[in-house]
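Here are the chains, one letter per residue:
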Amino acid sequence: TRRRVQRDSEAACARGWRRMDMRSRGGLEGAVPYRPPSLLRHTESLSHLSVSNNSSPHNNNNGFSSPFPHHQLQSNHHQNALQEGEASPFTYEYQKVVPSGPLADRNRGAVEPVKLPKSPPEGWVDSGWEWQEWRVRTPRLAPRRIKPLARMLVALLVSSFALWRLKKGVENPSTNIADMSSLSRSALRVLAPQSYAAHELHSLYRVPWWIASRMPHRSQLQLQRRLEERADPSKPARLMMIHTMHGLGNRIRALASALSYAHETQRELIIIWPHDHHIDASFTSLFHQVRGNRWKHGENNFESLQYGSELPEGQEWIVVETGKDEPLPWPLTQLRREDPVWDDVVTFNYMDMEGHGAVKDELIGALEAHTSVYVKSSSIIKSENSTLTAWNPDCARLRTQLHLAPRLQRRLDDLERHGLPNFIGIHIRNLDMRNDIKNLDADEEYGRNSAEEMLYWRRKASYAAFTAEMHRIIADGGDPDVKFYVASDTPEILQRVKSSFSQRVLSIRRDCVDRSAACLEEAVIDLFALARTKLLLGSNWSSFTEAASRLGRLTSDKMRLAGVHF
């Protein structure tokens, strides 16, 4: 209907008629046209003219004819409704406008029925008459409800687009928040809190943009609060960024030495935890977010008091998770060109197979006070000052600060109810290099010499070697009720050990051997369970066995390695 009315109105206007729209709640009274008032000195209303229900759509019972073939004057029902003040969807009134002058003065106040022809009379312009269509549109509920919703939708789309453009601008490290004119700092803090915090860390505390922008917002606030609490805020922040590599055991031992180095040099520790073919699980899915002060109730030993009290209550790990598609590139030449903050960072790469200056076990010498340290490693950090990293303090800090995620800790507690501290731990590293990690070339990843040595020691850690040692321990008769906690990377080996030693073996159920998140959760439970045992029979050249000894206060007399001791 609207389209037809618009089409007819345009056609009438093309024939010389002039249309004027009005808005009113009950007819013509009180309505204000948009034409200049000077042209409307006198109006002769035709509102008393009506159309019966049986009338033609073009002519009413008084001989009145509409200039628009699809328009009808209001019916009797509509006329009565208007008189009673009700709303009518559409009403059309046709009026003759008398221009100013003697004619207007003479006829002022007169009401004269006028017959509107289908086309303007000849000479109507010369006679001073202007014919117009007066269209009265009474309010309707639906459009009035839709309009506010439409305005809100448009405003939401515009604001979303503006926020997207803002975030794109904020994500540029060269953009200084203080110089941004589009929004104030307070508004930016509300609309883009993570980008705002990243810029604060980058501009005020000299945290590299690649690190600050990928950090979770919670970690950003934690790090910013720690840096603000420094004794001398005028000095640039000093960071210890440890880029952990390879498997779970490798990353834990690298983290242990980084903990000591960061504490002894008064640097804030940041963990870079990549997701790759070695580990496809997040740090927080395996370990508790809170560091320190979580030793067992009543365990008031010297280690807990000394190293657990180094951290305030509730301090969390600062972890940057990187995906497979966004690794931190080495060398950092491109990052240094894009971000000058990297000029204040001294970098070390122990992954010698990556080349470009990577040197395994490179010693970290004395550094300037304002420099930060970045180390990419799967092994322990080496320093010219031997007191900065050492086995005992590294392991002590690791034990007091690194804990399982709560849901994994509950599974470990169930194992401890079986008397786990009285068990002998068994770690059988059975898979060879070809079946260990999918789509991994050992020679390319570790180097040919290292890969051959790893293969040699894994052959020594065979099922036959471990079961023979277990039989020997039982035969010695030192403990007739001796039991074993067995962990292996092969479910078939676990079943064979259980069938051979019946009720003497405790283990968790393992259904997978890959590096997915589910398998790594089972592996980390095995790791902490082995650390709880009184004696560990492990696999040589295995970082998993080494990590268990670090977490369990297992000294050399409490560890025996396949191929070395048996």
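1. Observations concerning the overall build of the protein
1) Next: The helix and strand inventory of the protein stands at 21 helices and 14 strands.
2) Next: Sequence-distant contacts, at least 24 apart, represent 70% of the contacts inside the protein between residues at least 6 apart.
3) Next: A total of about 29000 Å² of accessible surface is found on the protein, and carbon and sulfur atoms cover 51% of it.

2. A few points about the nonpolar core
1) Next: Counting 58 residues, the largest nonpolar core has Met240, Leu248, Leu269, Phe287 and Tyr485 as its most contacted members.
2) Next: Residues Ile270, Val320, Leu335 and Trp342 belong to the second largest nonpolar core, which totals 25 residues.

3. Describing the pattern of salt bridges
1) Next: Inspection of the entire model under this criterion finds 25 salt bridges.
2) Next: Glu546 is paired through a salt bridge with Arg253; the nearest N and O atoms lie 2.7 Å apart. With a gap of 293 residues between them, Glu546 in helix 21 (residues 543-551) and Arg253 in helix 9 (residues 248-264) connect regions that are remote in the sequence.
3) Next: Between Asp436 and Arg515 there is a salt bridge, and its shortest N-O distance comes to 3.2 Å.

4. Topic: the sheet that holds strand 9 (residues 372-377)
1) Next: A sheet is described by the order of its strands in space; here 5 strands give the open sequence 7-6-5-9-8, paired in parallel fashion. Both edges of this open sheet fall to strand 7 (319-322) and strand 8 (345-349), since each of them pairs with a single strand only. The average undirected angle you get between the axes of adjacent strands in this sheet is 15°.
2) Next: Direction of pairing for strand 8 relative to strand 9: parallel, over a ladder of 5 bridges. Bridge pairing in strand 9 links Thr347 to Tyr374.
3) Next: Contacts from helix 9 reach strand 5 (239-244), strand 6 (268-274) and strand 9, with the element oriented near 165° to strand 6.

5. A short note on the sheet that holds strand 10 (residues 424-428)
1) Next: If you walk across this open sheet you meet the 5 strands as 12-11-10-13-14, and the pairing is parallel. In this open sheet, the two edge strands, each paired with only one partner strand, are strand 12 (505-506) and strand 14 (559-562).
2) Next: Inspection of the sheet shows strand 11 (residues 484-488) paired to strand 12 by 2 bridges, in the parallel sense. In the strand pairing of strand 12, Tyr485 is matched with Leu506.
3) Next: Relative to the sheet, helix 20 (residues 517-531) contacts strand 10, strand 11 and strand 13 (535-539), its axis offset from that of strand 11 by approximately 145°.
4) Next: The strands touched by helix 21 within the sheet are strand 10, strand 13 and strand 14, with strand 13 carrying the most contacts at an inclination of about 160°.

6. A word on the state of the cysteines
1) Next: Summed over all chains, the structure comprises 1 disulfide.
2) Next: The side chain of Cys512 participates in a disulfide bridge whose partner is Cys519; the two sulfur atoms lie 1.7 Å from each other.

7. A closer look at the confidence of the model for the protein
1) Next: Per-residue pLDDT for the protein has a mean of 74; in total, 64% of the residues score no lower than 70.
2) Next: Note that pLDDT drops below 50 for residues 294-300; the model gives that stretch 8 contacts with residues more than four away or on any other chain.

8. Details of helix 9
1) Next: Taking 1.5 Å of rise per residue, 17 residues should cover 24 Å, and helix 9 covers 25 Å from first to last C-alpha, within 8% of that figure.
2) Next: Judged by how many residues are buried, helix 9 sits mostly within the fold: 15 of 17 residues are covered.
3) Next: Within two residues after helix 9, Gln266 carries a phi angle of roughly 60°, on the positive side.

9. Points about the packing of aromatic side chains
1) Next: Counted according to the given criterion, the structure contains 9 aromatic pairs.
2) Next: Look at Phe283 and Trp317: their rings are 5.8 Å apart centre to centre, the planes differ by 70°, and that puts the pair in the edge-to-face class. Of this pair, Phe283 sits in helix 10 (residues 283-286) while Trp317 is found in the loop between helix 11 (302-308) and strand 7, placing the two residues 34 residues apart along the sequence. Each member of the pair, Phe283 as well as Trp317, carries the same accessibility label: buried.

Criteria and cut-off values
- Residues numbered from 1 in each chain as written.
- Predicted model: local features only at pLDDT ≥ 70, side-chain atom pairs only at ≥ 80, totals over all residues.
- Heavy atoms only, no water.
- Helix = DSSP H or I, 4+ residues; strand = E, 2+ residues; numbered from the N terminus.
- Contact = heavy atoms within 4.5 Å.
- Areas by Shrake-Rupley, 256 points an atom, 1.4 Å probe, with all protein chains shown as cover.
- Core = buried A, V, L, I, M, F, W, Y, C linked by side-chain atoms within 4.5 Å.
- Buried < 20%, exposed > 50% of the residue type's maximum accessible area, 1.4 Å probe, protein only.
- Salt bridge = Lys/Arg side-chain N within 4 Å of Asp/Glu carboxyl O.
- Pairing = 2+ DSSP bridges.
- Axes fitted to C-alpha atoms, helices over the stretch in contact; angles between N-to-C directions.
- Disulfide = S-S within 2.5 Å.
- pLDDT = per-residue confidence, 0-100.
- Expected span 1.5 Å × (residues − 1).
- Phe/Tyr/Trp six-rings, centres within 6.5 Å; stacked < 30°, edge-to-face > 60°.

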